[in-house]
Amino acid sequence: MAKPSVTRVSVDQITVSRRPSVSIAVVGNPNSGKSTLFNRLTGLRQRTANYPGATVEKHVGTATAGTAVLELIDLPGTFSLSAHSTEERIAVDVILGRMPGTNPPAGILAVVDMTNLYQGLYLVQQLMELELPMVVALTMSDAADVKGLRVDIDALQARLGGVTVCPVVATTGQGIKALRQALAELPGSPQPDLPAFWPELNKAAEQLSAELQGSVRRIEIERALLDSSGETEQEILGRLGKDRDERVGEVRRELFGDEPPLAREARYRYKWVREILDEVQQRAPPLITWGSRFIAWLNRPGPGTIGLFVVMAIVFQAVFAWATPMMDAIDAGTAALGSFLASQMPEGALASLLSDGIVAGVGSVIVFLPQIMILFLFIILLEDSGYLARAAYLMDRVMRSVGLSGQSIIPMISSFACAVPGIMATRVIPNRRDRIATMLAAPFMTCSARLPVYALLIAAFVPAESIGWMNLQGLVLFGLYLLGIFAGVLTALLLRVTALRGPKSPFALMLPEFRKPNLRTVLMQLWGRVKVFLRRAGTVIFAVAVIVWALAYYPRSDTVAWELAEQQAVAEASLRGGALSETLQQLDHQAAADQLAQSWLGRAGQVVEPVFRPLGWDWKISAAVIAGFPAREVVIAVLGTVYALGDAADEATLAQRLKSATWPDGAPVFTLPMVFGLLIFYACCLQCAATLAVIQRETNSWRWPVFAWFYMSTIGYVGALLVYQLGSG
Amino acid sequence: MTLASLGRGQKGVIRAIDTSDPMVQRLMVLGLVEGAELEYSSAAIGGDPLEFRLFGNAISLRKEQARHFTVSPLPNGG
C-alpha cells in the first residue's frame, strides 16, 4: 500500500497574508512611460488617495513578484530632486521619506526613457545618492530601436555600480517578467556599490550632519545645500542654529565658488552623464518611415496648429453625429420602459414615481452617456498622444497676449471634459497669479455636464439643416464652445491686469514625441470616467429625481380632481364620438397642469418666477435652473420629471414635450430668443458645487470660489436678459 | 552668437551661460549646460517660443531665456 506523500514546508515559506510588506517608490521623468509601466505591474490592484494638505493624487498599487508582494507608489514625474512645482515637491518628499502618512520607500524603481537617457540618468545619479536598493527600468526600448539607438546594458550596469537595469516595453509587456524578478530581489538586497559622484559635497554634508548629532541625514543636507530657495531647505538649515547663515555660506562658497548651486550641480552631473552616454550608447541613423515623416511634419507649427483645429472640429461633429443612433436607442428604451411601467400598474402615486420620477428623470441624463464617452475618448487620446503638450508650446505666444503662458492651455483643454481635473491640472503652472487666473477661466470652458443641456435644446430648437459639410446644429454647438473660450480668456485677461497684476511667467517645456496612444491605458481611463458619470446618475441624480418628483406631485388637490370629474360628466352627457375623446383629453391635460401648478414645486417656482420672467422663463424652467445649481446636469432630470407630470406628458420625448410647452395664453414658451438666452445662461453660470470646492481647496481660500460664483452668475443672467429682450424686440 | 540667433536646422554647442536668471538655472537642470549640442527646429505661432532638439528630444524655451546661452555654431550635417 502506497504511503500518502507528505511534503514538509518550512514556516517562513508559507505566504499567510498577501499584504505588501515593503513600499517601493516609482520615480522618473515626466513622459517617461512611468504610469504605463505602473499600470502594467499592478493591473487593477490600485487605489487613489490624496497626500495630506494637497490635492495631488497619490497612486498606490500592489504588485506581486514571485512570492513577494510589494506596494508601489507612483510618484509625479520630475526631472531632478530640486523641486519647483507642488507635484515635484511631493515626489521629492516621498523619496526622502518626509511625507507623513506614506511609508518611507525601502527601494526605488527608477523609470528611464531609453530614448532620453540624457535627462533620465541625471535623475538616476541623484537617486543613487539616497543609498537605497534600486532597479532601473529602461522603457520604450521599441521606440529606441526605431530611432536607431543602441544601449549596451552591461556597460550601463557597470557604470551604475551594479544596479540591475531592465529594458522593457510597458505597452506590450516585453521584459516585464525580468523586471518583476529584479523587484522581488530588491528588498534587503545590498546597497549598490556607489561610484563617488561628488566626494566634496558628500564630505561637507557628512560634516554638517555630524554637527547636528545626525538628526538630519546626509542626503537631506546635500539637497538643502544645493537648493537655496526651497522652504524645506530653509527649515533643515535653520536647525544649524544662529550662526547658520555664516556657516552655510562658507560651505557653499567652498563647494560652488561664485556659481549658483543649481548651475554648479547641473554642470557637474551632466559631465558624468555625457561620459556614460559616450560609452554605452550608439546612434545609428534613424529609420525613416512614412509614419515618422508624417509625425515630423505634424510637429511643425503650421501643420500642428491646423491639425489641432481639425481635431477639435471632428470632435464636435462626432459628438453629434456618431452618438445619435446610440442616443435614440436609449431614448426609445426609457420611453418604452416608462409607458410599460405605467400600463402595468394601477394609476396612482407609485406608478407616477416610477415612470415620471425615476425613469423620466434618470433616463433623461443617461441618454447623454454616448456623447460624454466620445468627448472623453478624444480628450484622453489628445493627452496620451502628447498633443496637449505641443498645444501648450504652440499657443504660448497667443496666451501671453492675454497675460497667461502656454502652460495654461492644458488645464483649459481638459476643462472641456470637466473643470475639476482641469483645475487640478493647473498645478503644473509655477506662477501663482497665472495659476489662479487659469482656475477662474477654466469653468467657462464647455464641460461634459453642459453638453446634455446644449444638446437637448439644440436638437429640439435648431433645425438640422446643413451648411457646407457641417450641419447647423453642430455649428451652433461649436459657437457655444467658442463663447466659453472667449469668456474664459477675457476673464483671465481682466484678472491679470487688475487683481492678479504681476510679472509675466517663464516658460520651458519638454515636448514629448507624438506616439500612438496605448489602447489599454486609454480604456482604463475612459472606464474610470464612465464610472464617475454612472455613479452620479445612480446616486445624486436619482435622489434629485425622486425629490423633484415628490415636490411636483404633492400635495394632490381634491378641488382639481372634483372639477375634472364634474367637467368630464358634462362632456360625456353633451358630446359624442371624436369630439368627446378630444375634449376628455384636453380636460386631462388641464387637470395635470393645474395639479402641477399648485404643487410645492409649482408654488416655489412661482415665487422665483419674477426674477427670471425678464429672461422669458416660466416657473418650470426657473425651478429647474435653481435645482441645477449644485450640479448643472440635474436640470435635465428636473425638466424630464416636471414635463412628464404636466400637460405635455403625451409626447414621447423630452424634446417634443419642450416644444409643445405653452404659456397660459397659448404662446410657446420656448421661442428662439428665449432658447438662446438659456444657452448663454448655461454657458456662463458656475452651476457646479464640485468646481467651487476644488477652487477652494487649490487656492486655500473661500474668496476665489465666492468671487467666481457671483461673477459668472451675473454674466449669465445679464447675457440671457440681453439676448431675450433684444431678440424678442 | 546666442541660441536665439541660430537658423532653422542649424546646430550649435553651448559655450557659456549667464546663470543669474533662476529660469536659466532650471534649464540647466534640464541639460542645457556647456558642451551640450542643440539643433534649432522651429518656432511656435508668433515666432516664440523656440523649439530645439537636445540629444534627440524636443525642448522649447522662450527667446528671452535663449539669449542667455552663448553658442558656437556647427557646420551643417556635422
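Residues numbered from 1 in each chain as written. Chains lettered and ligands numbered in written order. Predicted model: local features only at pLDDT ≥ 70, side-chain atom pairs only at ≥ 80, totals over all residues.

(A) Quick look at the overall build of chain A. Within chain A, the regular secondary structure consists of 34 helices and twelve strands. The proportion of buried residues among the 729 residues of chain A is 42%. In chain A, of all internal contacts separated by at least 6 residues, the share reaching a separation of at least 24 is 72%. (Helix = DSSP H or I, 4+ residues; strand = E, 2+ residues; numbered from the N terminus. Buried ≥ 20, exposed ≤ 12 C-beta atoms within 10 Å, placed from the backbone. Contact = placed C-beta atoms within 7 Å.)

(B) Examining the sheet that holds strand β3 (residues 50-54) of chain B more closely. Read across the sheet, six strands follow the order β12(A)-β4(B)-β3(B)-β2(B)-β1(B)-β5(B) without closing on themselves; strand pairing throughout is antiparallel. Here the strands that pair on one side only, and so sit at the sheet edges, are β12 (508-511) of chain A together with β5 (69-74) of chain B. Shown here is a sheet whose adjacent strand axes are inclined to one another by a mean of 35°, direction ignored. Relative to strand β2 (residues 37-43) of chain B, strand β1 (residues 11-17) of chain B is paired through three bridges, and the arrangement is antiparallel. Along β2 of chain B, the bridge assignment pairs Gly12 of chain B with Leu38 of chain B. Sheet contacts for helix α17 (residues 387-394) of chain A: β12 of chain A together with β3 and β4 (57-61) of chain B; angle to β12 of chain A, the most-contacted strand, approximately 145°. (Pairing = 2+ DSSP bridges. Axes fitted to C-alpha atoms, helices over the stretch in contact; angles between N-to-C directions.)

(C) Highlighting the interface of chain A and chain B. Contacts between the two partners involve 33 residues from chain A, matched on the other side by 29 residues from chain B. Among the elements that take part in the side of chain A that touches chain B, helix α11 (residues 261-280) of chain A stands out by supplying six residues, more than any other. Split by residue class, the side of chain A that touches chain B holds 19 nonpolar, seven polar and seven charged. Sheet analysis places β12 of chain A next to β4 of chain B, joined by four bridges and oriented antiparallel. Paired with Met510 of chain A across the bridge in β4 of chain B is Ile59 of chain B. (Nonpolar A, V, L, I, M, F, W, Y, C, P; charged D, E, K, R; others polar.)

(D) Region of interest: the pairing of strand β4 (residues 68-74) of chain A. Residue and element names in this part refer to chain A. Most of β4 sits out of view: five of its seven residues are buried. Pairing of strand β1 (residues 22-28) with β4, which is carried by five bridges, proceeds in the parallel orientation. Note that in β4 the partner of Val22 across the bridge is Leu70. Hairpin connection, strand β3 (residues 57-65) to β4: the antiparallel pair is bridged by two residues, and Gly66 has positive phi, about 60°.

(E) View of helix α26 (residues 558-574) of chain A. Along its 17 residues, α26 of chain A runs 25 Å from first to last C-alpha, staying within 8% of the 24 Å computed at 1.5 Å per residue. α26 of chain A sits mainly on the outside: zero of its 17 residues count as buried. (Expected span 1.5 Å × (residues − 1).)

(F) Spatial organisation of helix α2 (residues 86-95) of chain A. Residues and elements named next belong to chain A. Most of α2 sits out of view: nine of its ten residues are buried. Taken as a whole, α2 has its buried residues at Thr86, Glu87, Glu88, Arg89, Ile90, Ala91, Val92, Val94 and Ile95. For α2, the secondary structure elements touched by its buried residues are β1 and β4. Once α2 ends, the next one or two residues include Gly97, with phi positive near 75°.

(G) Structural context of unusual backbone geometry. Residue Pro555 of chain A is bonded to the preceding Tyr554 of chain A through a cis peptide linkage, with omega at -10°. On the secondary structure map, Pro555 of chain A appears in the loop between α25 (540-553) and α26. Between Asp48 of chain B and the following residue, Pro49 of chain B, the backbone shows a cis peptide bond with an omega angle of -5°. The residue Pro49 of chain B is located in the loop between β2 and β3 in this model. For Asn31 of chain A, which is not glycine, the phi torsion reads 65° and is therefore positive. Taking the number of C-beta atoms within 10 Å as the measure of exposure, Asn31 of chain A has 19 and is therefore partly exposed. The phi dihedral of Glu131 of chain A is positive, around 60°, even though this residue is not glycine. Checked against the element boundaries, Glu131 of chain A lands in the loop between α3 (117-128) and β6 (134-139). For Glu131 of chain A, a count of 13 C-beta atoms within 10 Å gives the class partly exposed.

(H) Summary view of the packing of helix α14 (residues 323-344) of chain A against helix α16 (residues 369-384) of chain A. All names here are of chain A. Taken N-terminus to C-terminus, the directions of α14 and α16 make an angle of 150°; their axes are 8 Å apart at the nearest point. With respect to α16, the element α14 is oriented roughly antiparallel. Side by side, α14 and α16 meet where Ala323, Met326 and Met327 of the first sit next to Pro370, Gln371 and Ile374 of the second. Among the residues forming the contact of α14 with α16, the class breakdown is five nonpolar, one polar and no charged. (Parallel < 35°, antiparallel > 145°, perpendicular 65-115°, else oblique.)

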